[in-house]
Amino acid sequence: MIREAADAALSPRQRGAIVRAIAARTHTDPFGKPVRITRGTVDRWLRLWREGGFDGLLPPTRQVTLGRRRKSSIWRRR
């Protein structure tokens, strides 16, 4: 979706026109539902692409911290 706008040879004016055109269209999500992508989202995707390539577009991995669970006072014997 952002391949054309990610071209480094584009001027800011040219890139802006392409991004506005992308945002003006209705796209289809993976489930076949029509969706609109805002210009801010396209700009964010382009920034992430420039900073990290395809890997920059991937969601961050979740950090799971395992801790000791404290029993509630309801469960304590008195």
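Residues numbered from 1 in each chain as written. Predicted model: local features only at pLDDT ≥ 70, side-chain atom pairs only at ≥ 80, totals over all residues. Heavy atoms only, no water.

## Notes on the overall build of the chain
Here is step 1 of the chain: From N to C terminus, the chain includes two helices and two strands.
Here is step 2 of the chain: Ordered by position from the N terminus, the helices and strands of the chain form the series α-β-β-α.
Here is step 3 of the chain: Across the 78 residues of the chain, 19% fall into the buried class.
Here is step 4 of the chain: Taking all contacts inside the chain whose residues are at least 6 apart in sequence as the whole, residues at least 24 apart take part in 28%. (Helix = DSSP H or I, 4+ residues; strand = E, 2+ residues; numbered from the N terminus. Buried < 20%, exposed > 50% of the residue type's maximum accessible area, 1.4 Å probe, protein only. Contact = heavy atoms within 4.5 Å.)

## A short note on the pattern of salt bridges
Here is step 1 of the chain: In the structure shown here, the tally under the stated rule is one salt bridge.
Here is step 2 of the chain: The residue arginine 39 makes a salt bridge to aspartate 43 at a minimum N-O spacing of 3.7 Å. One end of the pair is arginine 39 and the other is aspartate 43, both in helix 2 (residues 39–57) and four residues apart, which spans about a single turn. (Salt bridge = Lys/Arg side-chain N within 4 Å of Asp/Glu carboxyl O.)

## Brief notes about a nonpolar patch on the surface
Here is step 1 of the chain: Taken together, Trp49, Phe54, Leu57 and Leu58 make up a surface patch of nonpolar side chains, about 380 Å² in accessible area.
Here is step 2 of the chain: You can see tryptophan 49 is positioned in helix 2. (Patch = residues over 30% accessible without salt bridge, like charges linked within 9 Å, V, L, I, M, F, W, Y side chains within 5 Å. Areas by Shrake-Rupley, 256 points an atom, 1.4 Å probe, with all protein chains shown as cover.)

## Examining the confidence of the model for the chain
Here is step 1 of the chain: Of all residues in the chain, 85% have pLDDT values of 70 or greater, and the mean over the chain is 87.
Here is step 2 of the chain: Here helix 2 stands out as the element of the chain with the lowest mean pLDDT, 92, in contrast to strand 2 (residues 34–36), whose mean of 96 is the highest. (pLDDT = per-residue confidence, 0-100.)

## What to know about the nonpolar core
Note on soluble globular proteins: their nonpolar side chains tend to be buried together.
Here is step 1 of the chain: Grouped together as the largest cluster of nonpolar side chains are nine residues: Ile2, Ala5, Leu10, Ile18, Val19, Ile22, Ile37, Val42 and Leu46.
Here is step 2 of the chain: Of all the secondary structure elements, the ones that give two or more residues to this core are helix 1 (12–24) and helix 2.
Here is step 3 of the chain: Considering each element in turn, this core owes the most residues, three residues, to helix 1.
Here is step 4 of the chain: In this view, valine 19 contacts Ala5, Arg39, Val42, Asp43 and Leu46; residues no more than four positions away in its chain are not counted. (Core = buried A, V, L, I, M, F, W, Y, C linked by side-chain atoms within 4.5 Å.)

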